[in-house]
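Here is what each chain is made of, one letter per residue.
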Amino acid sequence: MSPGITVQCDQPTIRSAVQQYLDEGRLHPPVPLTLEIEVGEVPPVPPDSAPPFHQPQLVFYPGTRPGSLTIVWETAPAQARLENGSGRARVILSPAAADRLPECQTGFLMMTVVFLLRRFGWHHVHGATAVDRRGRGWLMAGNSQVGKSTTTAFLASRGWPVGTDDIAFLVPSAGRVAVHAFRSRIGLRPGGLELLAVSGGVFQPRRGKTVFWPEELGGTWVERIEPEVLLFPVIGGDRTTVTPLAPRDTLAQLVRWSAWVILEPQLAQEHLDLLAALGRQAPGYRLELGRDLFSNPQLIDELIP
Amino acid sequence: MSASARYRPHPDLRLTALEGEGVVLHLGTRRYFTVSETGLAILEALGTPRSLDEIVATLQERYHVTPEHARSSALAFLDRCLSAQLVTREEAPD
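Residues numbered from 1 in each chain as written. Chains lettered and ligands numbered in written order. Predicted model: local features only at pLDDT ≥ 70, side-chain atom pairs only at ≥ 80, totals over all residues.

(A) Region of interest: the overall build of chain B. Per the secondary structure count, chain B includes three helices and six strands. A compact globule built from 94 residues would reach a C-alpha radius of gyration of about 12 Å, and chain B, at 13 Å, matches this within 12%. Judged by the C-alpha coordinates and their principal axes, chain B covers about 35 × 35 × 20 Å. Taking all 94 residues of chain B together, the buried fraction comes to 32%. (Helix = DSSP H or I, 4+ residues; strand = E, 2+ residues; numbered from the N terminus. Rg over C-alpha atoms; globule rule 2.2 N^0.38 Å. Buried ≥ 20, exposed ≤ 12 C-beta atoms within 10 Å, placed from the backbone.)

Next comes the structure, spelled out in structure tokens:
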């Protein structure tokens, strides 16, 4: 089976490591994608770029040619250039960036893939995916501090199919919106490990997390869901509560958790309309995660009517 | 402000609707806003630049409201949109 994303690099260790990382994600993009990676001096950003938008450690320079984009990693010099309609990204890593490859993969190369995919209608959302006992797809959107990973690990430990704890792609699918997961290990901080009372996994010192495949927690992996439930989790107190959201508040939440990717001007409207379609497809709820969920795990099966 | 001043969406505005209400995103300021049904009707009407009188007429066609109510609602909404740079206002040439 084609990996879907091919890595080209004349340095075998880099090619092999990045290819393995992307293969583990098990994404099947609509067109073959290629990362052409070379290690060398990172050139200046093209002078004709439009005003950039910034994210921690990343700067995005939309080009004046429609759909062109230069992505700069600031942790160590690295740059990716994308062109409209092309499934190829030309990536230049400085030797310093190449020396920090694991960080570069998750912090920079994954973002390059995110922006390649949106050129072919796959739009990123910070979200976790799962399938509940009634067969309904759940999308839980939010940033990394709201308990998505702990909840995803919890659902896996209850035997639910789960897709991802963070990297999800919205994809139009026969009049509906599907969500494809990038398969990666679910990362738990010490507090999450304690709540779930799980052991094992692999400790990653750089992230301060212990990571697990869904199967190691008792779950299975699901590549694709069609959301019927949208959840926006927040960390709560003792009690777990679920509050229905008005449609426009659901849409605002979806925008919020896509907000920086959506800012690329050329594709913003398409992305926004896909979020609205998702909001029409599935009701949204604010999920306040309480400690009772972990002391009374079957509560999760009754949370969403 | 002259009565013939025309309102138009800011070029950085993107708008989408859900069940009669909407969310607008400003790509330049990177802020997003929810808008009510009336606000959505006004922003959608600005697909063609319009004067306040034309916007009021659009609201009256759509809702059973007095001209005064439509005007005050439209003005309040447009003022907020101007502050958030969601729309621009161009004075008509003399």
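Let's pick the thread back up.
(B) Highlighting the overall build of chain A. Counting secondary structure elements, chain A contains nine helices and 20 strands. Expected size for 305 residues packed as a compact globule is a radius of gyration near 19 Å; at 19 Å, chain A falls within 12% of this value. Taken along the three principal axes of its C-alpha coordinates, chain A extends 55 × 40 × 35 Å. The proportion of buried residues among the 305 residues of chain A is 41%.

(C) Just the sheet that holds strand β13 (residues 186-188) of chain A, in detail. All names here are of chain A. Strand order in the open sheet formed by three strands is β13-β15-β14, with antiparallel pairing between adjacent strands. One side of each edge strand has no neighbouring strand; the edge strands of this open sheet are β13 and β14 (202-204). Pairwise comparison of adjacent strand axes, ignoring direction, gives a mean angle of 35° for this sheet. Across three bridges, β14 lies against strand β15 (residues 209-212) in antiparallel orientation. (Pairing = 2+ DSSP bridges. Axes fitted to C-alpha atoms, helices over the stretch in contact; angles between N-to-C directions.)

(D) The arrangement of the interface of chain A and chain B in detail. Taken residue by residue, the interface counts 18 residues in chain A and 13 residues in chain B. Among the secondary structure elements, those contributing two or more residues to the side of chain A that touches chain B are α6 (247-256), α7 (259-262) and α8 (265-281) of chain A. Examining the composition of the side of chain A that touches chain B, we find that eight residues originate from one element, α8(A), more than from any other. Per-class residue counts for the side of chain A that touches chain B are twelve nonpolar, two polar and four charged. (Contact = placed C-beta atoms within 7 Å. Nonpolar A, V, L, I, M, F, W, Y, C, P; charged D, E, K, R; others polar.)

(E) A look at the environment of A:Thr106. With respect to the helices, strands and loops of the structure, A:Thr106 is situated in helix α3 (residues 101-118). Note: C-alpha distance between A:Thr106 and A:Tyr21 (85 residues apart in sequence) is 9.1 Å.

(F) Examining the sheet that holds strand β5 (residues 50-51) of chain B more closely. All names here are of chain B. Taken together, the three strands give an open sheet; going across it, the order is β5-β1-β6, and neighbouring strands pair in antiparallel fashion. If you trace the sheet from one side to the other, it starts and ends with β5 and β6 (87-90), each paired once. By the bridge criterion, four bridges tie strand β1 (residues 6-9) to β6 in an arrangement that is antiparallel. Paired with Tyr7 across the bridge in β6 is Arg89.

(G) Structural view of helix α1 (residues 12-25) of chain A. The end-to-end C-alpha separation of α1(A) is 20 Å, in line with the 20 Å expected for 14 residues at 1.5 Å each. Looking one or two places after α1(A), you find A:Arg26, whose phi comes out positive at around 55°. (Expected span 1.5 Å × (residues − 1).)

(H) Inspection of the domain arrangement of chain A at higher detail. All names here are of chain A. Domain assignment breaks chain A into domain 1 (5-118) and domain 2 (123-302). Each of domain 1 and domain 2 was reduced to a C-alpha centroid, and the two centroids are 26 Å apart. The interface is formed by 17 residues belonging to domain 1 together with 18 residues belonging to domain 2. If one sorts the elements of the side of domain 1 that touches domain 2 by residue count, α3 sits on top with six residues. Of the residues contributing to the side of domain 1 that touches domain 2, the split by class is ten nonpolar, three polar and four charged. (Domains from an automatic or database assignment.)

(I) A look at the packing of helix α1 (residues 37-45) of chain B against helix α3 (residues 67-83) of chain B. Residue and element names in this part refer to chain B. Between α1 and α3, the least distance of the axes is 10 Å, while the angle of their chain directions is 75°. In terms of orientation, α1 and α3 fall into the roughly perpendicular class. Residues Thr38, Gly39 and Ile42 of α1 touch α3, and the partners they reach there are Ser73, Ala74 and Phe77. Here the contact of α1 with α3 is built from residues that sort into three nonpolar, three polar and no charged. (Parallel < 35°, antiparallel > 145°, perpendicular 65-115°, else oblique.)

(J) Spotlight on the packing of α1(B) against helix α2 (residues 52-62) of chain B. Residues and elements named next belong to chain B. Interhelical geometry of α1 versus α2 gives an angle of 125° and a closest axis separation of 10 Å. Here α1 lies oblique to α2, going by the angle between them. Two packed elements cross with a definite hand, and for α1 against α2 that hand is right-handed. Two secondary-structure elements touch here, α1 through Thr38, Ala41, Ile42 and Ala45 and α2 through Ile55, Thr58, Leu59 and Arg62. Residue composition of the contact of α1 with α2, grouped by class: five nonpolar, two polar and one charged. (Left-handed = near helix turned anticlockwise from the far one by under 90°.)

(K) Broad picture of the confidence of the model for chain B. All names here are of chain B. Mean pLDDT over chain B stands at 92; residues scoring 70 or higher make up 95%. Least confident of the elements in chain B is strand β3 (residues 21-26), whose mean pLDDT is 92; most confident is β1, at 96. Here the predicted complex carries an ipTM of 0.87, next to a pTM of 0.91. (pLDDT = per-residue confidence, 0-100.)

(L) View of unusual backbone geometry. In this structure, A:Gln57 takes a positive phi of about 70° despite not being glycine. Topologically, A:Gln57 is positioned in the loop between β3 (53-55) and β4 (58-62). Backbone geometry places B:Arg30, a non-glycine residue, at a positive phi of 60°. By the element assignment, B:Arg30 lies in the loop between β3 and β4 (31-35). By C-beta crowding, B:Arg30 is classed as partly exposed, having 14 other C-beta atoms within 10 Å.

(M) Local environment of the pairing of strand β20 (residues 284-289) of chain A. All names here are of chain A. Judged from the six bridges that link them, strand β18 (residues 227-235) and β20 form a sheet pairing that is parallel. Paired with Phe232 across the two strands is Arg286, which belongs to β20. The sheet contact formed by strand β19 (residues 241-244) and β20 spans four bridges and is antiparallel. Its bridge partner being in β20, Thr241 is matched across the sheet by Glu288.

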